[in-house]
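Architecture and fold: a report
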Amino acid sequence: MTVALDLGRVRAPAKDESFRSDYLQALRLIERLHRLLLDVIKDEFDRVGGAELNSVQALLLYNIGESELTAGELKTRGYYLGSNVSYNLKKLVDMGYLHYKRSEVDRRSVRVSLTQKGKDACDVVNALYQRQLGSIEAVGEVNRGDVLELNKSLVRLERFWSDQIRYRL
C-alpha cells in the first residue's frame with residue numbers, strides 16, 4: 001500500500017477517502033458534543049438558579065463527587081487541562097463549593113472535596129442525567145445497545161490517541 005505525503009502529513013490512499021471523511025466527521029462530532037454537553041449543563045444551572053457556576057466548574061464538581069482528590073489526580077484521570085483545573089479549583093474554593101486541605105506529607109499538594117454547596121451542585125448535574133435517562137430512548141432514539149457500542153468505540157479511540165502520545169506514533 002502506498003502512502004502519499006502532503007506537507008509532512010501522511011495521507012490515506014484515494015480509495016479510503018470515505019473512511020477519512022467519516023473519521024473527520026467523528027472528530028467534529030466529539031468536539032461539538034462536548035460543547036453541547038457543557039451548554040446543557042449551563043442551561044440547567046441557569047434554570048435552577050446556580051448561574052454563578054460555569055458548566056466546566058459544575059462538571060468538575062460532579063466528577064469529584066464523593067472523592068477527595070488533588071488537581072494532579074483530576075488531570076491524570078484525563079478530565080481537565082493543568083491551568084484550567086487549577087484555576088477552577090481555586091474559584092470553587094473561593095465560592096464555597098470545595099474544601100481544601102494541604103497534604104501533611106507534601107505541603108505543595110492540596111486535596112479537595114465537596115462542601116454541602118458543592119454536593120448540592122453535584123446533585124443538580126446528577127438529576128439532569130437521571131432526567132435524560134428517562135427520555136433518551138423515546139425522544140433521542142438512543143438505546144442501551146447504541147451506548148454500549150459507542151462506549152466501546154470511544155474507549156478504543158482513546159487508547160489509540162493515548163498511544164499516539166505515549167509512543168509518538
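Read on for an overview of the structure. (Residues numbered from 1 in each chain as written. Predicted model: local features only at pLDDT ≥ 70, side-chain atom pairs only at ≥ 80, totals over all residues. Heavy atoms only, no water.)

With respect to the overall build of the chain
Of regular secondary structure, the chain possesses six helices and five strands. Listed by position from the N terminus, the elements making up the chain come as β-β-α-α-β-α-α-β-β-α-α. When the 169 residues of the chain are sorted by exposure, 23% land in the buried category. Taking the intrachain contacts of the chain between residues at least 6 apart in sequence as the baseline, contacts between residues at least 24 apart amount to 50%. (Helix = DSSP H or I, 4+ residues; strand = E, 2+ residues; numbered from the N terminus. Buried < 20%, exposed > 50% of the residue type's maximum accessible area, 1.4 Å probe, protein only. Contact = heavy atoms within 4.5 Å.)

A few points about the pairing of strand S5 (residues 110–114)
The pairing of strand S3 (residues 69–70) with S5 spans two bridges and is classified as antiparallel. Looking at the pairing, Leu-69 lines up with Val-112 of S5. Relative to S5, strand S4 (residues 98–102) runs antiparallel, the two sharing five bridges. Paired with Tyr-100 across the two strands is Val-112, which belongs to S5. (Pairing = 2+ DSSP bridges.)

Some remarks on the packing of helix H1 (residues 17–48) against helix H5 (residues 116–135)
To describe two helices that pack against each other, one gives the angle between their axes and the distance between the axes. Viewed as axis vectors pointing N to C, H1 and H5 meet at an angle of 115°, and their least axial separation amounts to 10 Å. As far as their axial angle goes, H5 and H1 are roughly perpendicular. Here H1 and H5 pass one another in a crossing that is right-handed. Listed contacts from H5 to Leu-37, Val-40, Ile-41, Glu-44, Phe-45 and Val-48 of H1 are Ala-121, Val-124, Val-125, Leu-128, Tyr-129, Arg-131 and Gln-132. (Axes fitted to C-alpha atoms, helices over the stretch in contact; angles between N-to-C directions. Parallel < 35°, antiparallel > 145°, perpendicular 65-115°, else oblique. Left-handed = near helix turned anticlockwise from the far one by under 90°.)

Observations regarding the side chain of Ser-113
Examined against the element boundaries, Ser-113 turns out to sit in strand S5. By relative accessible area, which is 18% here, Ser-113 ends up buried. Ignoring sequence-local partners within four residues, the contact set of Ser-113 consists of Ser-67, Glu-68, Tyr-97, Leu-98 and His-99.

Remarks on the packing of H1 against helix H2 (residues 55–64)
Direction vectors running N to C along H1 and H2 enclose 90°, while the axes themselves pass 8 Å from each other. With respect to H2, the element H1 is oriented roughly perpendicular. Across the interface between the two elements, Leu-37, Leu-38, Ile-41, Lys-42 and Phe-45 from H1 touch Ser-55, Val-56, Ala-58 and Leu-59 from H2. Each residue belonging to the contact of H1 with H2 can be placed in one class, and the counts come to seven nonpolar, one polar and one charged. (Nonpolar A, V, L, I, M, F, W, Y, C, P; charged D, E, K, R; others polar.)

Here's the deal with the nonpolar core
By size, the foremost hydrophobic cluster in this structure holds 25 residues, and its most contacted members are Ile-41, Phe-45, Leu-53, Leu-61, Ile-64, Leu-89 and Leu-98. Looking at this core, the elements with two or more residues in it are H1, H2, helix H3 (71–76), helix H4 (82–94), S5 and H5. In terms of residue count, the dominant contributor to this core is H5 (six residues). Ignoring anything within four residues of it in the chain, the contact list for Leu-89 reads Leu-60, Ile-64, Ala-71, Leu-74, Leu-98 and Val-112. (Core = buried A, V, L, I, M, F, W, Y, C linked by side-chain atoms within 4.5 Å.)

Some words on the sheet that holds S4
Read from one edge of the open sheet, three strands run S3-S5-S4, paired in antiparallel fashion. In the strand order of this sheet, the two ends are held by S3 and S4, each with one partner. Seen against the sheet, H2 touches S3, S4 and S5 and runs at an angle of roughly 95° to S5.

In short, shape yes, function no, at least from these values alone.
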